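What follows is the residue order along each chain.
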Amino acid sequence: MTRLPRLRWSTALLSGLAVIWLYPVAWTLSNAIKSSADIYRAPWDVPWPPAIGNIGAAWSRGQLGVALANSTFVTALTVAGVLVLSVSGAYSLTRLRPPRRALLLILVLAPLIIPTEVLIVPLFSMFRALGLINSLPGLALTNIVGSVSFATVILTGYFRTIPQDLIDAARVDGAGRLQVLLRIVVPLARPGILAVAILVAVLTWNDFAGPLVLIQKPDAFTVQLALTRFSTLYATDQGLTFAGMAIVILPPLLLFLVFQRSFIQGLTAGVVRH
Amino acid sequence: MVIGSHPRRAFLRRSHREGAIDFLFILPTLALLAGFLFYPLVYGLVLSVHDTKGFDLTSFVGLDHYAHAILGDAVFHQALLNTILFTAAAVVLQTGLGLSLAVLVADVKRGRTLLRLAFFVPFVLASVAVGAVWKFLYAPYFGVVPTVGSALGLSTQTFAPLGDAHWALWAIMAAFLWRFAGFTMVVYLAAIQALPHEYYEHAHLEGAGRFQQFRLVTWPLLWPQTFVLVLLTTLGTLRIFDMVWLMTQGGPSHATETVATDIYSTAFRFLNVGYAQAMAMVLLVVILLMTVVEYRLLNRRAEAVSS
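These numbers come from a predicted model, not from an experiment. (Residues numbered from 1 in each chain as written. Chains lettered and ligands numbered in written order. Predicted model: local features only at pLDDT ≥ 70, side-chain atom pairs only at ≥ 80, totals over all residues. Heavy atoms only, no water.)

### Here's the deal with the overall build of chain B
Link 1 in the chain: Each helix and strand counted, chain B has 14 helices and two strands in total.
Link 2 in the chain: By the compact-globule yardstick of 19 Å for 307 residues, chain B is too spread out, its C-alpha radius of gyration being 25 Å.
Link 3 in the chain: Each principal axis of the C-alpha distribution contributes one length, and for chain B these read about 90 × 70 × 30 Å.
Link 4 in the chain: Within the span of chain B, comprising 307 residues, buried residues form 54% of the whole.
Link 5 in the chain: Of all intrachain contacts in chain B linking residues separated by at least 6 positions in sequence, the fraction that spans at least 24 positions is 65%.
Link 6 in the chain: When the accessible area of chain B is evaluated, it comes to approximately 14,600 Å², of which 66% is carbon and sulfur surface. (Helix = DSSP H or I, 4+ residues; strand = E, 2+ residues; numbered from the N terminus. Rg over C-alpha atoms; globule rule 2.2 N^0.38 Å. Buried < 20%, exposed > 50% of the residue type's maximum accessible area, 1.4 Å probe, protein only. Contact = heavy atoms within 4.5 Å. Areas by Shrake-Rupley, 256 points an atom, 1.4 Å probe, with all protein chains shown as cover.)

### Re the pattern of salt bridges
Link 1 in the chain: Within this structure, the stated rule accounts for six salt bridges over all chains.
Link 2 in the chain: The salt bridge involving Arg-95 of chain A is made with Asp-22 of chain B; its shortest N-O contact spans 3.8 Å. With one member in each of two chains, Arg-95 of chain A in helix H4 (residues 64-95) and Asp-22 of chain B in helix H1 (residues 7-24) form a pair that bridges those chains. Here Arg-95 of chain A and Asp-22 of chain B have matching classes, each one buried.
Link 3 in the chain: What emerges from the salt-bridge pattern is a single network uniting Arg-95, Asp-168 and Arg-177 of chain A together with Asp-22 of chain B. (Salt bridge = Lys/Arg side-chain N within 4 Å of Asp/Glu carboxyl O.)

### Concerning the packing of aromatic side chains
Link 1 in the chain: Counted by the stated rule, this structure contains 28 aromatic pairs over all chains.
Link 2 in the chain: Residues Trp-27 of chain A and Phe-136 of chain B carry aromatic rings whose centres are separated by 6.1 Å and whose planes lie at 70° to one another, so their mutual orientation is edge-to-face. You can see Trp-27 of chain A sitting in helix H1 (residues 9-31) and its partner Phe-136 of chain B sitting in helix H6 (residues 127-138), one on each of two chains.
Link 3 in the chain: Overall, Trp-27 of chain A belongs to the buried group, its relative accessible area being 8%.
Link 4 in the chain: Geometrically, the ring pair formed by Phe-123 of chain B and Phe-180 of chain B is edge-to-face, given 6.1 Å between the ring centres and 75° between the ring planes. Here Phe-180 of chain B lies in helix H8 (residues 168-193) and Phe-123 of chain B lies in the loop between helix H5 (112-120) and H6, a separation of 57 residues in the sequence.
Link 5 in the chain: Among the aromatic residues, those joined into a cluster by ring pairs are Phe-256 and Phe-263 of chain A together with Phe-86, Phe-120, Phe-123, Phe-176, Phe-180 and Phe-183 of chain B. (Phe/Tyr/Trp six-rings, centres within 6.5 Å; stacked < 30°, edge-to-face > 60°.)

### Re the pairing of strand E2 (residues 56-60) of chain B
All names here are of chain B.
Link 1 in the chain: By the bridge criterion, three bridges tie strand E1 (residues 50-53) to E2 in an arrangement that is antiparallel. Within E2, the residue paired with His-50 across the bridge is Phe-60.
Link 2 in the chain: Turn length for the E1-E2 hairpin, with the two strands adjacent in sequence and antiparallel, is two residues, and the turn residue Gly-54 shows positive phi of about 60°. (Pairing = 2+ DSSP bridges.)

### Side note on the nonpolar core
Link 1 in the chain: Of all hydrophobic cores here, the largest spans 177 residues; its most connected members are Val-121 and Phe-159 of chain A together with Phe-119 and Phe-120 of chain B.
Link 2 in the chain: For this core, the domains that each give at least three residues are domain 1 (3-48) and domain 2 (68-306) of chain B.
Link 3 in the chain: Once you skip the residues sitting within four places of it in the chain, Val-121 of chain A turns out to touch Leu-47, Phe-55, Ile-263, Ala-267, Phe-268, Val-273, Ala-276 and Gln-277 of chain B.
Link 4 in the chain: Grouped together as the second largest cluster of nonpolar side chains are eight residues, Phe-227, Val-228, Val-230 and Leu-231 of chain B included. (Core = buried A, V, L, I, M, F, W, Y, C linked by side-chain atoms within 4.5 Å. Domains from an automatic or database assignment.)

### Notes on the packing of helix H8 (residues 164-172) of chain A against helix H9 (residues 177-188) of chain A
For any two helices packed against each other, the geometry is given by the interaxial angle and the distance between the axes.
All names here are of chain A.
Link 1 in the chain: Viewed as axis vectors pointing N to C, H8 and H9 meet at an angle of 150°, and their least axial separation amounts to 10 Å. One way to sum up the angle between H8 and H9 is to call them roughly antiparallel. Crossing geometry of H8 relative to H9 is assigned as right-handed. Along its contact with H8, which presents Leu-166, Ile-167, Ala-170 and Arg-171, the element H9 presents Arg-177, Val-180, Ile-184, Val-185 and Leu-188. (Axes fitted to C-alpha atoms, helices over the stretch in contact; angles between N-to-C directions. Parallel < 35°, antiparallel > 145°, perpendicular 65-115°, else oblique. Left-handed = near helix turned anticlockwise from the far one by under 90°.)

### A short note on the environment of Ala-140 of chain A
Residues and elements named next belong to chain A.
Link 1 in the chain: Of note, Ala-140 is situated in helix H7 (residues 136-160).
Link 2 in the chain: Considering only alpha carbons, one finds Ala-140 and Gly-81, 59 residues apart in sequence, at a separation of 8.5 Å.
Link 3 in the chain: In this structure Ala-140 touches Val-74, Leu-77 and Thr-78, once residues within four positions along its chain are discounted.

### Overview of the interface of chain A and chain B
Link 1 in the chain: Between chain A and chain B, the contact holds 84 residues from the first and 82 residues from the second.
Link 2 in the chain: Interface area lost by chain A to chain B is led by Leu-14, Trp-21 and Arg-177 of chain A, which between them contribute 10%.
Link 3 in the chain: Joining chain A to chain B, the criterion identifies four salt bridges.
Link 4 in the chain: Among the ionic pairs, Glu-117 of chain A bridges to Arg-239 of chain B, the shortest N-O distance being 2.9 Å. (Buried area = accessible area lost by both parts, 1.4 Å probe.)

### Brief notes about the domain arrangement of chain B
Residues and elements named next belong to chain B.
Link 1 in the chain: Taken domain by domain, chain B comprises domain 1 (3-48) and domain 2 (68-306).
Link 2 in the chain: Relative to domain 2, the C-alpha centre of domain 1 lies at a distance of 37 Å.
Link 3 in the chain: The partner domain 2 presents six residues to the five residues of domain 1 that form the contact.
Link 4 in the chain: Counting the surface domain 1 buries against domain 2, the share from its top three residues, Leu-41, Leu-47 and Ser-48, is 76%.
Link 5 in the chain: In this structure, the connection of domain 1 to domain 2 is made through zero salt bridges.
Link 6 in the chain: At the boundary of domain 1 and domain 2, one finds zero residue pairs in polar contact (both at pLDDT 80 or more).
Link 7 in the chain: Along the lines of polarity and charge, the residues of the side of domain 1 that touches domain 2 split into three nonpolar, two polar and no charged. (Polar contact = N/O pair within 3.5 Å; in protein donor to acceptor, adjacent residues only side chain to side chain. Nonpolar A, V, L, I, M, F, W, Y, C, P; charged D, E, K, R; others polar.)

### Here we look at unusual backbone geometry
When glycine is set aside, most residues are seen to have a negative phi, and most peptide bonds are trans.
Residues and elements named next belong to chain B.
Link 1 in the chain: The peptide bond linking Gly-251 to Pro-252 adopts the cis configuration, its omega dihedral lying at -10°.
Link 2 in the chain: The phi dihedral of Gln-249 falls on the positive side, at around 55°, and the residue is not glycine.
Link 3 in the chain: Residue position: Gln-249 is located in the loop between helix H12 (242-247) and helix H13 (259-269).
Link 4 in the chain: For His-254, which is not glycine, the phi torsion reads 65° and is therefore positive.
Link 5 in the chain: Inspection of the secondary structure puts His-254 in the loop between H12 and H13.
Link 6 in the chain: Using a relative accessible area of 34% as the deciding quantity, one classes His-254 as partly exposed.

### So, helix H2 (residues 27-48) of chain B
Link 1 in the chain: For H2 of chain B, spanning 22 residues, the distance from its first C-alpha to its last is 30 Å, which sits close to the expected 32 Å at 1.5 Å a residue.
Link 2 in the chain: Of all the bends in H2 of chain B, the largest measures some 40° and sits at Ala-34 of chain B. (Expected span 1.5 Å × (residues − 1). Bend = angle between axes of the 7 residues up to and from the residue.)

Next comes the structure, spelled out in structure tokens:
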């Protein structure tokens, strides 16, 4: 008789929990390719043959194409803005000396403590006066303000691991600051920068409160707004709703799956180091 | 030695200017924060002491809005209570669950990456999708929660967690934990894997069991992570809006109202703008207080480990 490897209780427990954790995700994705009738009639069945029609219907009837383009634009603009600001800001924070640095760090951290929710009313008022309601760059601006502090903090942690002698040596050799930043600091901190970019992209793509308040015109809807309108308009057509959800959650999911290792490493390194 | 021409001297003199130029690199961030964080904050303060028509100021009312919010608004009291309760529960449960998962996963020989992935995936899903999916999971008759609950004899098929004033907030909490416990786990897991192995061997030789090892080695050495995670969870939860809004809109009868949903309804549905901003300022004070208290309580232990 062969001895079975002893199944440890912790492994069994973790596997069970992992299944519970993944179940809502798997259920959403499988419902996206089920007909609405099947979602109710046979909620546990494997979707076969897949009702691919849902995806196309969700795309056209939910105007997801426009929303995906809008979200992509806002996300790209936010990531670019946050990276430019946080790379240069983190460089500055690693170069400056303690008393001034501590003060600046507190200022940079302010958005973490003063959340958008507290400022949403004056921000709306300001944006109205500036004509930035329904403006996608305006939305990107609020996202940049919300993300720039943790991005700067994570990158400061990364930049500190770069030996200052290396930077000083390059400076003595006559390299300008911008050159040092782009040729030495950025390449060495690439994992951190990648992680920050992915994190900001995921958070911006998924943001709901910002667009809810600042975007009112359907042409400027982000995917999250399109999705909420979706579930009210087609509340009776579950297959369609799930297909819309699948389309909206897939881009960040794929981004995460592809860059899983560097994303988690960058995230934890940034949190652990402070 | 000619002092004036000493290269080090020259370098130091220049370094003053160097510092000024280094400062320029953070100036764009500061300018952005000045325009879109500090200015709205000041304007928010102004709004909160005025009556408004639409979004325009009409008359100065002093601290009337604050007095009404703090003394006479039962919905706001409920919202404040819910927010603080939810945050306290989130801090304890998310930290506890995340740490338990991390300790268990760190111990697994094979499939660690896969488990980490499974628990972290909900973090990258949009709150709109999370809210919609959990509404389905909670739906009476059809949803998996009432179905499993009735199969186990815990509830009936008609049980609607989100429609029940006693359960709604905790039903949202379950979805919240599902979404964010993986984040806590991932941070703890990275830290646990970096802990020096000798500590455990030493504890083992001294005769410490697994629980003792956790209590005497793992837990105290994780204070820096606990500090940051508790602070981040607090700051992230006191502002909670999206998941609540998407799942219950604060209902039934304000049972899940949070300060942020109250601000949103008051300002954008009832157009009581000045008053809504006074509530927002009260929330800001709560956030600042909690941050200071947690910083004081936890920072020293975290520093003791770091050094």
